[in-house]
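Residue-level structural notes
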Amino acid sequence: MSPTTQSAPSTVTIVGAGTMGHGLAVQFARHGAAVRLVDHRRSNLETARAGVADAVDFLDAEGWLDADPGTVRDRIDYTLDLPAAAADAALVIESVAEDLDVKATVFETLATSAPDDAVLATNTSGIPITDIGAAVPAAADRVVGCHWWNPPYLLPTVEVVRGEATSDRTVDRTAAFVEAVDRDPVIVERDVPGFVWNRIQFAVLRECTHLVREGVASLDDVERAVRDGYALRTAVVGPFETADLGGLDLFETIAGNLYPHLSNADEPGPLFAERLAAGRGGVADGAGFHEYDDDSGTVIRRRNERLAAVRRALD
């Protein structure tokens, strides 16, 4: 996970100080950028400051920082003033609530306060880039999807998503910014719902919930089959290479036999609804699909340690 030789953008503005926002701030700051982390609540910024400290300490403990931890932390400014924060940015990444109206309001501000040449990116996981760009027609050519996975300081790929009005120059500059902070851009040429990652992730999740609901296997056994089997292999071999290794004739035959039996559900179903109704919303509630005795921070750190071990092994 050593940095590239390219220069990171000199100034980056991150809008939204939640989990993704502070993680993005860490990734850019560790590669030398001056970061303005913006939110509409002071309490959110203070929570983000603590999250940044935890992430920087984690990276330092893993031996993945090339600068003093204090220097990295000092590269991040925390502010409530969006126009001022965006005024000298080369790159802006919006990471606020997944609500088109909220994002449109942010981009309307960015279109008038950021430099005319700034890339205006959104970290949305599913809202069409074209719809976000439509909120700022005069700047729509500079609006682009820049979708990172959590945590952004550990996972290596980033989707760069072209909206209908996004210029080639904006796509190229965004990909270059991503590469400059040691990340690998995946260019999404069509602005389809969910882009690439989430379409695959939720296709897998839909089939997993179907298998449990139909009594094919227990929830724990389905979890292990994916985590310790499928995911372990796909960490080193993608789906198309897997088919090449097995033979396209075999995979074509299996696909023809299997596809008619896969789930085609168009709603999440009772596995979600029943747990949510019981107050089992996930780690923060102490229970979701699983039970959790530890607090969210401990569970997340344990997840990050496992991710770091995988990254180190692959590197």
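Our subject is the structure that appears above.
The following paragraphs examine the structure supplied in this document. As the structure is a computational prediction, the values presented were derived from the model and not from experiment.

1. A closer look at the overall build of the protein chain
Within the protein chain, the regular secondary structure consists of 13 helices and eight strands. Computed over its C-alpha atoms, the radius of gyration of the protein chain comes to 21 Å, within 12% of the 20 Å expected for a compact globule of 315 residues. By its C-alpha atoms, the protein chain is 55 × 45 × 40 Å across when sized along the principal axes. The distance from the centre of the 28 positive side-chain charges to the centre of the 50 negative ones in the protein chain is 3 Å.

2. Some words on the pattern of salt bridges
Oppositely charged side chains can pair when the atoms bearing their charge come close. According to the stated counting rule, one finds 17 salt bridges in the structure shown. Here Asp 168 makes a salt bridge to Arg 162, at a shortest N to O gap of 2.7 Å. Under the relative-accessibility criterion, Arg 162 is labelled buried at 18%. As a salt-bridge pair, Glu 189 and Arg 162 come within 2.9 Å of each other at their nearest N and O atoms. Of this pair, Glu 189 sits in the loop between β8 (184–188) and α8 (197–213) while Arg 162 sits in the loop between β7 (157–161) and α7 (168–180); the two residues are 27 residues apart in sequence, bridging distant segments of the chain. By relative accessible area, which is 49% here, Glu 189 ends up partly exposed. The network of salt bridges with shared partners includes Arg 36, Asp 77 and Asp 88.

3. Some thoughts on a nonpolar patch on the surface
Taken together, the side chains of Leu 250, Phe 251, Ile 254, Leu 258, Tyr 259 and Leu 262 define a hydrophobic patch exposed on the protein surface, amounting to about 550 Å² of accessible area. Among the secondary structure elements, Leu 262 is positioned in the loop between α11 (248–258) and α12 (270–277).

4. A look at the nonpolar core
If you look at the biggest cluster of nonpolar residues, it comprises 41 residues, and the most contacted ones within it are Phe 28, Ile 93 and Trp 148. Counting residues per element, this core draws most heavily on helix α2 (residues 42–61), which supplies seven residues. If we skip the residues at most four places from it in the chain, Phe 28 touches Pro 9, Val 12, Ala 33, Val 35, Leu 91, Ile 93, Trp 148 and Val 181. Phe 107, Ile 132, Val 143 and Phe 195 belong to the second largest nonpolar core, which has 22 residues in total.

5. Overview of the side chain of Arg 162
For Arg 162, the side chain forms a polar contact with the side chain of Glu 189, separated by 2.9 Å. Aside from chain neighbours lying at most four places away, what touches Arg 162 is Ser 167, Asp 168, Val 171, Val 188, Glu 189, Arg 190 and Asp 191.

6. Re the sheet that holds strand β5 (residues 119–122)
Picture the strands of a sheet paired through backbone hydrogen bonds; they go either parallel or antiparallel. The eight strands lie next to each other as β3-β2-β1-β4-β5-β6-β7-β8, forming an open sheet whose pairing is mixed. Edge positions in the sheet fall to β3 (76–79) and β8, since each has one partner strand and no second. Sheet twist, expressed as the average angle between the axes of neighbouring strands with direction ignored, equals 25°. Against the sheet, helix α1 (residues 19–29) contacts β1 (11–15), β2 (34–38), β3, β4 (91–94) and β6 (143–148), and its axis sits at roughly 170° relative to β2.

7. Some thoughts on the side chain of Thr 122
Counting through the fold element by element, Thr 122 comes out in strand β5. Other than its neighbours up to four places away in sequence, Thr 122 contacts Glu 94, Lys 103, Phe 107, Ile 129, Ile 132, Val 144, Gly 145, Cys 146 and His 147.

8. Topic: unusual backbone geometry
The step from Asn 150 to Pro 151 runs through a cis peptide bond, and the omega angle for that step is 0°. Positionally, Pro 151 belongs in the loop between β6 and β7. One non-glycine residue, Phe 195, lies in positive phi territory at about 55°. Summarising the element assignment, Phe 195 is placed in the loop between β8 and α8. Under the relative-accessibility criterion, Phe 195 is labelled buried at 2%.

Here is what the cut-offs are and how they apply
Residue numbers restart at each chain and count upward from 1, following the sequence in its written direction. Predicted model: local features are reported for residues with pLDDT of at least 70 only, side-chain atom pairs are reported and counted for 80 or more only, and whole-chain, interface and lining totals are derived from all residues. Hydrogens and water are ignored here; the side-chain numbers use all heavy atoms of the structure. The way it works is that DSSP assigns letters per residue, a run of H or I at least four long becomes a helix, a run of E at least two long becomes a strand, and they are numbered from the N terminus. The globule rule used for comparison is 2.2 Å times the number of residues to the exponent 0.38, while the radius of gyration itself is calculated over C-alpha atoms. Only four residue types enter the tally: Lys and Arg on the positive side, Asp and Glu on the negative side, with His and both chain ends excluded. Positions of charges follow a simple convention, taking NZ of Lys, CZ of Arg, CG of Asp or CD of Glu. Between Lys or Arg on one side and Asp or Glu on the other, a salt bridge is scored when a side-chain nitrogen of the former is within 4 Å of a carboxyl oxygen of the latter. Summary of the burial criterion: residues with accessible area below 20% of their type's maximum are buried, those above 50% are exposed, and those between are partly exposed, where the area comes from a 1.4 Å probe applied to protein chains only. For patch detection, residues must exceed 30% relative accessible area and be free of salt bridges, and they are connected within 9 Å for like charges or within 5 Å for nonpolar side chains (Val, Leu, Ile, Met, Phe, Trp, Tyr). Computed with a 1.4 Å probe, the accessible areas rest on the Shrake-Rupley method; for each residue, only the protein chains presented here act as cover. For this analysis, a nonpolar core means a set of buried residues of the types Ala, Val, Leu, Ile, Met, Phe, Trp, Tyr and Cys, connected via side-chain atoms within 4.5 Å. Whether two residues are in contact is decided by their heavy atoms: any pair within 4.5 Å suffices. We call two N or O atoms a polar contact when they sit within 3.5 Å, provided that within protein one can donate a hydrogen and the other can accept it, with sequence-adjacent residues counted only if both atoms are side-chain atoms. At least two bridges found by DSSP between two strands is the condition for calling them paired. Lines fitted to C-alpha atoms define the axes here, with helix axes fitted over just the stretch in contact, and angles between the N-to-C directions of these axes take values from 0 to 180 degrees.

Everything listed here is a matter of coordinates, which is why it stays silent on function.
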